[in-house]
Amino acid sequence: MSTTSMQAAIAPAALTSWYEASARTRVRLLLDPESFMEFVGPEKREVSPHLKVFDLPEQFDDGILVGHGSLGGSSVLIAAQEGSFMGGAFGEVHGAKLTGLLRAARDIGSMPVLILFDTGGVRLQEANAGELAIAEIMRAVIEARSAGAKVIGLIGGRAGCYGGGGLIAGCCSALAVSEQGRIAVSGPEVIETNRGVEEFDSRDRALVWRTMGGKHRRLLGAADAFVDDTIQAFRDAALVLLEQVGGFELSTLTNEQVRLEARLRDFGSCADAVDIWTAEGVADAGAVPALPVNQFIAVADHVRRISHDTR
Amino acid sequence: MEDFSLRHDARQPAGGARKMAIVGVVASGNLEVLVERVVPERECLVEIRTTAEGFGAVWNAVVADFVDRYSPGGLKFSINDGGARPDTVSLRLAQAVRLMEVEQ
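Below or above, wherever it landed, is the structure these notes cover. The structure presented is a predicted model; accordingly, all values stated were derived computationally and were not measured.

Cut-offs applied
Residues numbered from 1 in each chain as written. Chains lettered and ligands numbered in written order. Predicted model: local features only at pLDDT ≥ 70, side-chain atom pairs only at ≥ 80, totals over all residues. Helix = DSSP H or I, 4+ residues; strand = E, 2+ residues; numbered from the N terminus. Rg over C-alpha atoms; globule rule 2.2 N^0.38 Å. Buried ≥ 20, exposed ≤ 12 C-beta atoms within 10 Å, placed from the backbone. Contact = placed C-beta atoms within 7 Å. Nonpolar A, V, L, I, M, F, W, Y, C, P; charged D, E, K, R; others polar. Axes fitted to C-alpha atoms, helices over the stretch in contact; angles between N-to-C directions. Left-handed = near helix turned anticlockwise from the far one by under 90°. Pairing = 2+ DSSP bridges. Expected span 1.5 Å × (residues − 1). Arc of directions from axis to C-beta. Parallel < 35°, antiparallel > 145°, perpendicular 65-115°, else oblique. Core = buried A, V, L, I, M, F, W, Y, C linked by C-beta atoms within 7 Å. Right-handed = clockwise from strand over helix to strand, strands pointing away.

Some words on the overall build of chain B
Move 1: The number of helices and strands found in chain B is two helices and five strands.
Move 2: Helices (α) and strands (β) of chain B occur, in sequence order from the N terminus, as β-β-β-β-α-β-α.
Move 3: A compact globule built from 104 residues should have a C-alpha radius of gyration of about 13 Å, and chain B, at 13 Å, falls within 12% of that.
Move 4: Counting every position in chain B, which comprises 104 residues, the buried fraction comes to 38%.
Move 5: Across chain B, the fraction of contacts at a sequence separation of at least 24, relative to all contacts at a separation of at least 6, is 86%.

As for the interface of chain B and chain A
Move 1: Tallying the contact residues gives 18 residues for chain B and 15 residues for chain A.
Move 2: Counting residues per element, the side of chain B that touches chain A draws most heavily on helix H2 (residues 86-101) of chain B, which supplies four residues.
Move 3: In terms of residue class, the side of chain B that touches chain A is made up of nine nonpolar, four polar and five charged.

Here's the deal with the packing of helix H1 (residues 56-70) of chain B against H2(B)
Residue and element names in this part refer to chain B.
Move 1: Viewed as axis vectors pointing N to C, H1 and H2 meet at an angle of 35°, and their least axial separation amounts to 10 Å. For the element pair H1 and H2, the recorded crossing hand is right-handed. Contact residues: Val 58, Val 62, Phe 66 and Tyr 70 in H1; Pro 86, Val 89, Ser 90, Leu 93, Ala 94 and Val 97 in H2.
Move 2: For the contact of H1 with H2, the per-class residue count stands at nine nonpolar, one polar and no charged.

Regarding the sheet that holds strand S2 (residues 64-71) of chain A
Residue and element names in this part refer to chain A.
Move 1: The seven strands lie next to each other as S1-S2-S3-S4-S5-S6-S7, forming an open sheet whose pairing is mixed. Here the strands that pair on one side only, and so sit at the sheet edges, are strand S1 (37-39) and strand S7 (225-227). Looking at each pair of strands side by side, their axes are set apart by 25° on average, direction ignored.
Move 2: In this sheet, strand S4 (residues 113-117) lies alongside strand S3 (residues 74-81) in parallel orientation, the contact comprising four bridges.

Structural notes on the sheet that holds strand S4 (residues 43-50) of chain B
The strands making up a sheet associate through backbone hydrogen bonding, with each pair oriented either parallel or antiparallel.
Residue and element names in this part refer to chain B.
Move 1: Taken together, five strands build an open sheet; the order of strands is S1-S4-S5-S3-S2 and the sheet is mixed. Two strands close off the open sheet at either side, each with one partner strand: strand S1 (2-9) and strand S2 (20-23). Within the sheet, the average angular offset between the axes of one strand and its neighbour, ignoring direction, is 15°.
Move 2: For S4 and strand S5 (residues 75-81), the ladder comprises seven bridges, and the chain directions are parallel. Across the sheet, the residue bridging to Cys 44 is Leu 75, located in S5.
Move 3: The sheet contacts of H1 involve S1 and S4, and relative to S1 the element is tilted by about 30°.

Here we look at H1(B)
Residues and elements named next belong to chain B.
Move 1: Helix length check: H1, at 15 residues, gives a terminal C-alpha distance of 21 Å against a target of 21 Å (1.5 Å per residue), a fit within 8%.
Move 2: Of the residues making up H1, those classed as buried are Trp 59, Val 62, Val 63, Phe 66, Val 67 and Tyr 70. Burial along H1 is one-sided: seen end-on, the buried residues are contained in an arc of 130°. What points out from H1, more than 90 degrees from its buried face, is the exposed set Ala 57, Ala 61, Asp 68 and Arg 69.
Move 3: Against S1, S4 and H2 lie the buried residues of H1.

Re the packing of helix H4 (residues 127-146) of chain A against helix H5 (residues 164-171) of chain A
All names here are of chain A.
Move 1: One way to put it is that H4 packs onto H5 with a least axis distance of 9 Å and a crossing angle of 10°. The angle between H4 and H5 places the two elements in the roughly parallel class. Contact residues: H4 offers Ile 134, Ile 137, Met 138, Val 141 and Ile 142, while H5 offers Gly 164, Leu 167, Ile 168 and Cys 171.
Move 2: Taken together, the residues of the contact of H4 with H5 break down into eight nonpolar, one polar and no charged.

Some thoughts on the nonpolar core
Residue and element names in this part refer to chain A.
Move 1: Within the largest apolar cluster, 107 residues are counted, with the highest numbers of intra-cluster contacts made by Val 113, Ala 176 and Phe 234.
Move 2: Examining the composition of this core, we find that seven residues originate from one element, H4, more than from any other.
Move 3: Beyond its immediate chain neighbours, meaning those up to four positions away, Phe 234 contacts Trp 18, Leu 30, Leu 154, Gly 156, Ala 176 and Val 227.

Describing the environment of B:Val33
Residues and elements named next belong to chain B.
Move 1: Looking at the secondary structure, you find Val 33 in strand S3 (residues 31-36).
Move 2: We classify Val 33 as buried; it has 26 C-beta atoms within 10 Å.
Move 3: Distance in space between the C-alpha atoms of Val 33 and Ile 22 is 5.7 Å, their sequence separation being eleven residues.

Some words on the pairing of S5(B)
Residue and element names in this part refer to chain B.
Move 1: The buried fraction of S5 is high, at six of seven residues.
Move 2: Pairing geometry for S3 and S5, over six bridges, is antiparallel. Following the sheet pairing, Leu 34 is matched in S5 by Ser 78.
Move 3: What joins S4 to S5 is H1, and the crossover it makes is left-handed.

Remarks on unusual backbone geometry
All names here are of chain A.
Move 1: Backbone geometry at Val 40 places phi at a positive 50°, although glycine is not the residue there.
Move 2: Mapped onto the fold, Val 40 is located in the loop between S1 and S2.
Move 3: Under the C-beta neighbour-count criterion, Val 40 is labelled partly exposed, with 19 such atoms within 10 Å.
Move 4: Non-glycine residue Arg 45 carries a positive phi angle of around 55°.
Move 5: One can find Arg 45 in the loop between S1 and S2.

Written out as structure tokens, the structure reads:
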């Protein structure tokens, strides 16, 4: 009967796919056992005020859980989006929960925040409220970082990290991504619709993955760590990044500007991700998409060491 | 959207001591069940919000069968349904009862 799901529920983090897990399973297995305490939990029934207008079903947590827990014995704040509910999209309540968590991090000043992104962007049924939420969250991320809190994004879910989610990810102190974790602002179909199929063919899945997928983001330096698709791998990466990430000063932003200008200068004329990997010095760039995780990490560490004085 | 609530008598109180649990997500063919230990221990309440209209008789049958099998006395189940099949509903309700028995 329900034995299979019960076994999955108690499976250790090393055996559980991040991509396939629900937001609640990710949080439970990422943090130290039994340490998660949820804020504004589902029993509060803080559902979207907009969905009923469209006769759409609500979810009791509006597709995101926020709370407090411990990671490796240290206190962390944590947010996790449920990509299966409306594509993990940001609505008014969903966004307000993340804004509130980040403002708590700003007020505390020393407690890091983990954001488990799994989102297609703004929930368009709540368009203006959702867009405002993105702006508020971006500001709240920067305020939290300015106050001394590290904000780490973990990306490897079904919905990827698109739209406003991609903008928020760009504001984080560091990102860990798996091969399945796509990071971008406009999605493949949006680009094709607006710029034509010659610009981007959304049905060319290999093109989509090598342009937006985790491997490319790691090789470009947009993601700081590349991990296997297990909850344990994300936990290990989060612990390492929390150690490595430096402070947030004006020099951090000027260094980041220099890094981005150099990236545009070096790769701006490349027509495809494979051209970029070749220009970076990857010996057999065409083989990158098929490389197993461990071999890819070795290649990535060889060609692009991550500098922690930027972002 | 259709809302209704079903109240049943239960033979005995549900096991465990946990106050609240949640299982499932609101997606196509899926549902979430929020379960809370908030009603008298010989009663069971199931509140349903569903996008699929006109299936009251099926919900009645599924919930009656569930109460008969698990006797979830003292529990209130709140369901947001995304058009789940009856077997998925039965599975989630059973998982919800089981979660209330797990130590927290």
